[in-house]
Amino acid sequence: MSEAPPPPPSRPEEPSGTTPPPPPPAGGYEQAPPPPPAGGYGQAPPPPAYETPGGYGAAGYGGAPAGAAYAEWPQRVLSALIDWFAPFIVAGILFQISNALGYVAWLAALVWAIYQAYLGGQTGQSLGKKTIGLRLISEQTGQVIGGGLGIGRYFLHIVDGLPCYLGYLWPLWDAKKQTFADKIVKTIVVKV
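Basis of the calculations
- Residues numbered from 1 in each chain as written.
- Predicted model: local features only at pLDDT ≥ 70, side-chain atom pairs only at ≥ 80, totals over all residues.
- Heavy atoms only, no water.
- Helix = DSSP H or I, 4+ residues; strand = E, 2+ residues; numbered from the N terminus.
- Buried < 20%, exposed > 50% of the residue type's maximum accessible area, 1.4 Å probe, protein only.
- Contact = heavy atoms within 4.5 Å.
- Areas by Shrake-Rupley, 256 points an atom, 1.4 Å probe, with all protein chains shown as cover.
- Expected span 1.5 Å × (residues − 1).
- Bend = angle between axes of the 7 residues up to and from the residue.
- Pairing = 2+ DSSP bridges.
- 1 Å grid on protein atoms, 1.4 Å probe; cavity = no way out; pocket = protein on both sides within 12 Å on 5 of 7 lines; lining within 4 Å.
- Points joined across faces, edges and corners; volume = space filled by probe spheres on them.
- Nonpolar A, V, L, I, M, F, W, Y, C, P; charged D, E, K, R; others polar.
- Axes fitted to C-alpha atoms, helices over the stretch in contact; angles between N-to-C directions.
- Parallel < 35°, antiparallel > 145°, perpendicular 65-115°, else oblique.
- Left-handed = near helix turned anticlockwise from the far one by under 90°.
- Salt bridge = Lys/Arg side-chain N within 4 Å of Asp/Glu carboxyl O.

Enquirer: Could you clarify how one ought to interpret the overall build of the protein chain in this entry?
Expert: The number of helices and strands found in the protein chain is six helices and two strands. Ordered by position in the sequence, the α and β elements of the protein chain form the string α-α-α-β-α-α-α-β. With 192 residues in all, the protein chain has 31% of them scored as buried. In the protein chain, once contacts between residues fewer than 6 apart in sequence are set aside, the share between residues at least 24 apart is 61%. Only carbon and sulfur atoms are counted for the fraction: they give 67% of the accessible area of the protein chain, which is about 12500 Å².

Laid out in structure tokens, this is it:
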């Protein structure tokens with residue numbers, strides 16, 4: 001004769017009013033709960049920096065950030081010397097030594113300049129702006145403009161040079177101290 005299989009082990013009784021935990025997922029692993037929001041459970045996330053008192057854009061829509069002033073023209077020129085002109089001057093000197101070396105240096109200078117334009121848009125500060133203490137931001141939001149727009153702004157400086165380099169001198173008398181490229185992209189350069 002065959003014996004009946006043993007009964008399954010019984011679960012301990014749960015106190016009344018509670019439910020047993022759900023079974024683990026099919027893979028046998030339990031998933032961790034999602035992390036709490038930045039302010040903790042039940043709290044709203046912090047507002048963007050441009051909406052906080054003293055953050056970028058606190059002076060209002062289209063203005064310089066609270067506590068920051070527009071960058072002066074000599075500061076912008078020094079920043080540009082570090083970012084753009086110095087590498088091309090070195091390339092020009094190397095052209096005098098060797099054409100092949102000069103072409104390689106010129107290509108490296110071009111890559112350097114585009115990378116600095118990307119940094120200026122992505123972080124608000126290229127090497128030159130960081131050294132001089134300036135920041136490139138959107139005049140509408142007070143935030144950085146992004147790497148792609150930073151590179152686009154770099155190439156738009158061609159417009160500054162077309163009418164006898166007038167666009168490069170425009171910040172000398174402009175209320176927001178913008179070049180033509182800044183006006184097109186709607187950016188401002190402020191002191192940090």
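Enquirer: Just checking my understanding: could you explain helix H4 (residues 147–161) for this structure?
Expert: It helps to recall that an α-helix has 3.6 residues per turn; residues three or four apart then point in one direction. Taking 1.5 Å per residue, 15 residues should reach 21 Å; H4 reaches 22 Å between its end C-alpha atoms and fits that length. Along H4, the sharpest kink reaches roughly 25°, centred on Tyr-154. All buried positions along H4 are accounted for by Gly-147, Gly-150, Arg-153, Tyr-154, His-157, Asp-160 and Gly-161.

Enquirer: I would appreciate a short explanation of helix H1 (residues 73–97) in the present structure.
Expert: Along its 25 residues, H1 runs 34 Å from first to last C-alpha, staying within 8% of the 36 Å computed at 1.5 Å per residue. Leu-81 marks where H1 bends most, by close to 50°. Residues Arg-76, Ser-79, Ala-80, Asp-83, Trp-84, Pro-87 and Ala-91 constitute the buried set of H1. If you follow the buried residues of H1, they end up packed against helix H2 (99–123), helix H3 (127–132), strand E1 (134–138), H4, helix H6 (180–185) and strand E2 (187–191).

Enquirer: Just checking my understanding: could you explain the pairing of E1 for this structure?
Expert: For a regular strand, the rule is simple: side chains alternate between the two faces of the sheet. With five of its five residues buried, E1 lies for the most part within the structure. Burial of E1 is two-sided: the residues Leu-134, Leu-136 and Ser-138 facing one way and the residues Arg-135 and Ile-137 facing the other way are all buried. Bridge analysis of E1 against E2 gives five bridges, and the strand direction is antiparallel. Looking across to E2, one finds that Arg-135 is bridged to Val-190.

Enquirer: Teacher, can you tell me more about the environment of Thr-131 here?
Expert: Its location among the elements puts Thr-131 in helix H3. Separated by 52 residues in the primary sequence, Thr-131 and Ser-79 place their C-alpha atoms 7.5 Å from one another.

Enquirer: Teacher, can you tell me more about empty space enclosed by the protein here?
Expert: Space left empty within the atom packing is revealed by a probe, the size of a water molecule, rolled over the atoms. Evaluated as defined, the whole model comprises one cavity of 30 Å³ or more. Put simply, the largest cavity is a space of about 60 Å³. As for the largest cavity, its lining consists of 13 residues, and the residues nearest its centre are Trp-84, Gln-116, Ala-117, Lys-129 and Arg-153. Listed by contribution, the elements that provide at least two residues to the lining of the largest cavity are H1, H2 and H4. Within the lining of the largest cavity, the residues separate by chemical class into four nonpolar, six polar and three charged.

Enquirer: What exactly am I supposed to notice about the packing of H2 against H4 here?
Expert: Packed helix pairs are characterised by how far apart their axes lie and by the angle those axes make with each other. Look at H2 against H4: their axes get within 7 Å of each other, and the N-to-C directions meet at 125°. By the angle between their axes, H2 is oblique relative to H4. Between H2 and H4 lies a crossing of right-handed hand. Along the contact surface, H2 presents Ala-113, Ile-114, Ala-117, Tyr-118, Gly-121 and Gln-122, while H4 presents Gly-147, Gly-150, Ile-151, Tyr-154 and Phe-155. For the contact of H2 with H4, the per-class residue count stands at seven nonpolar, four polar and no charged.

Enquirer: In this structure, what is going on with the pattern of salt bridges? I would like to understand it.
Expert: Side-chain pairing between opposite charges can occur once the charged atoms of the two side chains come close. Under the counting rule described, the total for this entry stands at five salt bridges. Ionic pairing is found between Glu-72 and Lys-177, a salt bridge with its closest N-O pair at 3.8 Å. Separated by 105 residues along the polypeptide, Glu-72 in the segment before H1 and Lys-177 in the loop between helix H5 (166–169) and H6 bring together distant segments of the chain. Ionic contacts of the salt-bridge type, sharing partners, join the residues Arg-76, Arg-153 and Asp-182 into one network.

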